[in-house]
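Residue-level structural notes
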Amino acid sequence: MAETIFSKIIRGEIPCHKLYEDDQVLAFLDINPLSPGHTLVIPKQAVARVDELTDDSAAAIGRVLPRLCRAVMKAVGCEDYNILQNNGAPAHQAVFHVHFHIIPKPGPDEGLGIGWPAQQLDNDAAKDVAERIRSHL
Ligand code: AMP
């Protein structure tokens, strides 16, 4: 995988406002926050997409994510937040190293805005896609 700016941050070659680090995970403030406390949580494993993570790396993020959410929300005095994780340029990924955004939602005009073009689930289509997904697990 091509080197990204996040590999340089992990190696300490580019500065960041570091919040947490262990042997598999790093968390730091986003340089262009959507709201105060906007945090990025990244694996040290350098892969672009969440489906490429090892189980171990994914588990390391999962272990610390709730604790980071609690700390961020307490620090900014906010209850509500989104976790965002983009995979692929069409899905708004700009840095091709896996990262989870923790984005406080202090009010309607701050934090993440979401387009949600929901449709009615079709039963036959659902059975078909569910069967195909299960066959790939
Ligand atoms: P995404 O669109 O999910 O790939 O988001 C990438 C995020 O990385 C954006 O929110 C950027 O503001 C953030 N970002 C890019 N470079 C840096 C950096 N040097 N330090 C902190 N955050 C960064």
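Refer to the structure printed above.
These notes cover the structure that comes with them. (Residues numbered from 1 in each chain as written. Predicted model: local features only at pLDDT ≥ 70, side-chain atom pairs only at ≥ 80, totals over all residues. Heavy atoms only, no water.)

Among the nonpolar cores identified, the biggest contains 18 residues, and Tyr20, Val25, Val41, Ile61, Leu68, Phe100 and Ile102 are the most heavily contacted of them. Ranked by the residues each element gives to this core, the list is headed by helix H2 (residues 55–76), at eight residues. Excluding residues that lie within four positions of it along the chain, Tyr20 makes contacts with Val25, Leu26, Ala27, Val64, Arg67 and Leu68. Counting residues in each nonpolar core, the second largest holds six residues, with Ile9, Leu26, Phe28 and Leu40 among its members. (Core = buried A, V, L, I, M, F, W, Y, C linked by side-chain atoms within 4.5 Å. Buried < 20%, exposed > 50% of the residue type's maximum accessible area, 1.4 Å probe, protein only. Helix = DSSP H or I, 4+ residues; strand = E, 2+ residues; numbered from the N terminus. Contact = heavy atoms within 4.5 Å.)

Turning to the side chain of Asn86, a few remarks are in order. Take Asn86: it is sitting in the loop between strand S4 (81–84) and strand S5 (100–104). At a separation of 3.3 Å, a polar atom in the side chain of Asn86 contacts the main-chain carbonyl oxygen of His92. Apart from the residues lying within four places of it in its own chain, the contact partners of Asn86 are Ala91, His92, Gln93 and His101. (Polar contact = N/O pair within 3.5 Å; in protein donor to acceptor, adjacent residues only side chain to side chain.)

Before going further, it helps to examine unusual backbone geometry. The phi angle at His92 is positive, at roughly 75°, despite the residue not being glycine. Summarising the element assignment, His92 is placed in the loop between S4 and S5.

Let us now look at a nonpolar patch on the surface. Where nonpolar side chains cluster on the molecular surface, the patch consists of Val129, Ile133 and Leu137 and spans about 330 Å² of accessible area. By relative accessible area, which is 35% here, Val129 ends up partly exposed. (Patch = residues over 30% accessible without salt bridge, like charges linked within 9 Å, V, L, I, M, F, W, Y side chains within 5 Å. Areas by Shrake-Rupley, 256 points an atom, 1.4 Å probe, with all protein chains shown as cover. Salt bridge = Lys/Arg side-chain N within 4 Å of Asp/Glu carboxyl O.)

Turning next to the sheet that holds S5. Read from one edge to the other, the open sheet built from five strands follows the order S1-S2-S3-S5-S4, with strand pairing classed as antiparallel. A strand with exactly one partner marks an edge of an open sheet, and here the two such strands are strand S1 (18–21) and S4. Sheet twist, expressed as the mean angle between neighbouring strand axes with direction ignored, is 15°. Inspection of the sheet shows strand S3 (residues 39–43) paired to S5 by three bridges, in the antiparallel sense. (Pairing = 2+ DSSP bridges. Axes fitted to C-alpha atoms, helices over the stretch in contact; angles between N-to-C directions.)

As a further point, take the site of the ligand. In the vicinity of the ligand, 16 residues are found, and the nearest of them are Asp30, His92, Ala94, His99 and His101. A distance of 3.0 Å is found between an oxygen atom of the ligand and a side-chain nitrogen or oxygen belonging to Asn86. Take His99: an N or O atom from its side chain is 2.7 Å from an oxygen atom of the ligand. Bound to the protein, the ligand loses 84% of the 510 Å² it would expose on its own. Mapping the ligand onto the cavity grids shows that it belongs to the largest pocket. Elements that contribute at least two residues to the shell around the ligand include exactly helix H1 (5–10) and strand S2 (25–29). Element by element, the count of residues in the shell around the ligand is highest for H1, at three residues. The class makeup of the residues in the shell around the ligand is nine nonpolar, six polar and one charged. (Near = heavy atom within 4 Å. 1 Å grid on protein atoms, 1.4 Å probe; cavity = no way out; pocket = protein on both sides within 12 Å on 5 of 7 lines; lining within 4 Å. Sits in = over half its atoms within 2 Å of the grid points. Nonpolar A, V, L, I, M, F, W, Y, C, P; charged D, E, K, R; others polar.)

Let's shift gears to helix H3 (residues 123–136). In this model, H3 (14 residues) spans 20 Å end to end at C-alpha, consistent with the 20 Å of a helix rising 1.5 Å per residue. Looking at where H3 begins, the residue whose side-chain oxygen comes 3.2 Å from the main-chain nitrogen of Asp124 is Asp122. (Expected span 1.5 Å × (residues − 1).)

Tallying each qualifying case throughout the model produces one aromatic pair. Ring centres 5.5 Å apart and planes at 80° place the aromatic pair Phe6 and Phe28 in the edge-to-face group. Taken together, the positions of Phe6 in helix H1 and Phe28 in strand S2 put the pair 22 residues apart, joining distant regions of the chain. Across the pair, Phe28 and Phe6 agree in class, each one buried. (Phe/Tyr/Trp six-rings, centres within 6.5 Å; stacked < 30°, edge-to-face > 60°.)

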